[in-house]
Amino acid sequence: MKNIPSQIRASLKPSLERWENNRETAEKISSLYPVTSGTLKTRKGNWEIYTRSSDPVPHFLEQEADSFQPGFSAVYKREGKPLSFVTGESVDIDTINQSLRTVSRKMAEQRWLFSHPLKSLNEEYGFQAGIKWGLRIMILLTVFVIFDLFLIPNYPEALAQGLSISFLGGDAAGLDFTGYQSLILRLITPILGEEYLYLAYSIYSLAAFFIIPILIFTVWTEIAGKRADKLRMKKLPPKALNFLYGFEAQKVMNIEYARLREEEKKGRLYRQLSGLGLKVSKEEFQKLYIEMLHG
């Protein structure tokens, strides 16, 4: 299944070239969807909605018009700049409005705080979000380590009972580890010698506390990001899952517009040649037109 939130987010990334392409596409919409069906205001911008109940393409051959379906197209704008598009085979204005509101709240304009799912949870940025959250926890742990270092000279008994994160106070805490050697201890003792053993063990345990949060949050956000986008899509009306979004919608509209202009040009040329005395059927003319155009 396509990831609609990801398509919307991708279309909103700022780019001068993209804005220019969006502007050109927005100018074509009224030719493809001639009925202006209203404007839907949102928190940061608005959707301009256009619909069509008849085929806007003047098909040169009438039998090619059988595939037409009524539908709508909407362009999302902020400060007058077109940023994204949605199009689909629906003229139900309630379904269209509900779909666009959901796209705005859950995808295009989601708040950082008090939103579900969290804005930082999504499929394409799950890994980066995990690293960010892991680093925040690591920084918090670093603060506790610094606090721990200040406590060491003055409160050794408290450290032995649980305040230290170095795991070196087993005997002092009343725990009996006689004869036990961990795998790490067995590996580093022959290499470093006993005089550097406690230093290495402390560094090892601190490193584990720094690395583990990053690993945990990275894995969690990678999985949760994909699930978050699925939850966003569940808020859409069922019919909206078949709509086209972002670049996909823009591409289809550009193809339709190019076809519209091609059919207009074909009909105009046929009428001009017929006025000059050319006596051929439309089918024959189209074959000649395609051959001249594409060789």
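Before reading further, recall that the structure is shown in the block above.
Let us look at the structure shown here. (Residues numbered from 1 in each chain as written. Predicted model: local features only at pLDDT ≥ 70, side-chain atom pairs only at ≥ 80, totals over all residues. Heavy atoms only, no water.)

### Focus: helix α2 (residues 16–32)
Line of reasoning, step 1. Given a rise of 1.5 Å per residue, 17 residues ought to cover 24 Å, and the 25 Å separating the end C-alpha atoms of α2 matches this to within 8%.
Line of reasoning, step 2. Where α2 is concerned, the buried positions are Asn22, Thr25, Ile29 and Leu32. Viewed along the axis of α2, the buried residues span an arc of 75°, placing them on a single side of the element. (Helix = DSSP H or I, 4+ residues; strand = E, 2+ residues; numbered from the N terminus. Expected span 1.5 Å × (residues − 1). Buried < 20%, exposed > 50% of the residue type's maximum accessible area, 1.4 Å probe, protein only. Arc of directions from axis to C-beta.)

### Here we look at the pairing of strand β4 (residues 81–88)
Line of reasoning, step 1. In terms of burial, β4 is a largely internal element, 7 of the 8 residues being buried.
Line of reasoning, step 2. As judged from the 7 bridges shared by strand β3 (residues 71–78) and β4, these two strands associate in the antiparallel manner. Bridge pairing links arginine 78 to lysine 81 in β4.
Line of reasoning, step 3. Linkage of β3 to β4, two consecutive antiparallel strands, is achieved through a turn of 2 residues, within which glutamate 79 is found at a positive phi near 50°.
Line of reasoning, step 4. Of the strand pairs in this sheet, β4 and strand β5 (residues 244–245) are connected by 2 bridges, and their pairing is antiparallel. By the bridge assignment, valine 86 is partnered in β5 with tyrosine 245. (Pairing = 2+ DSSP bridges.)

### Let's talk about the layout of surface pockets
Line of reasoning, step 1. A volume near 530 Å³ is recorded for the second largest pocket.
Line of reasoning, step 2. Surrounding the second largest pocket, 24 residues form its lining, Trp112, Lys119, Ser120, Asn122 and Tyr125 being those nearest its centre.
Line of reasoning, step 3. Elements with a contribution of two residues or more to the lining of the second largest pocket: α3 (93–108) and α4 (126–151).
Line of reasoning, step 4. By residue number, the principal contributor to the lining of the second largest pocket is α4, which donates 5 residues.
Line of reasoning, step 5. Among the residues forming the lining of the second largest pocket, the class breakdown is 10 nonpolar, 4 polar and 10 charged. (1 Å grid on protein atoms, 1.4 Å probe; cavity = no way out; pocket = protein on both sides within 12 Å on 5 of 7 lines; lining within 4 Å. Points joined across faces, edges and corners; volume = space filled by probe spheres on them. Nonpolar A, V, L, I, M, F, W, Y, C, P; charged D, E, K, R; others polar.)

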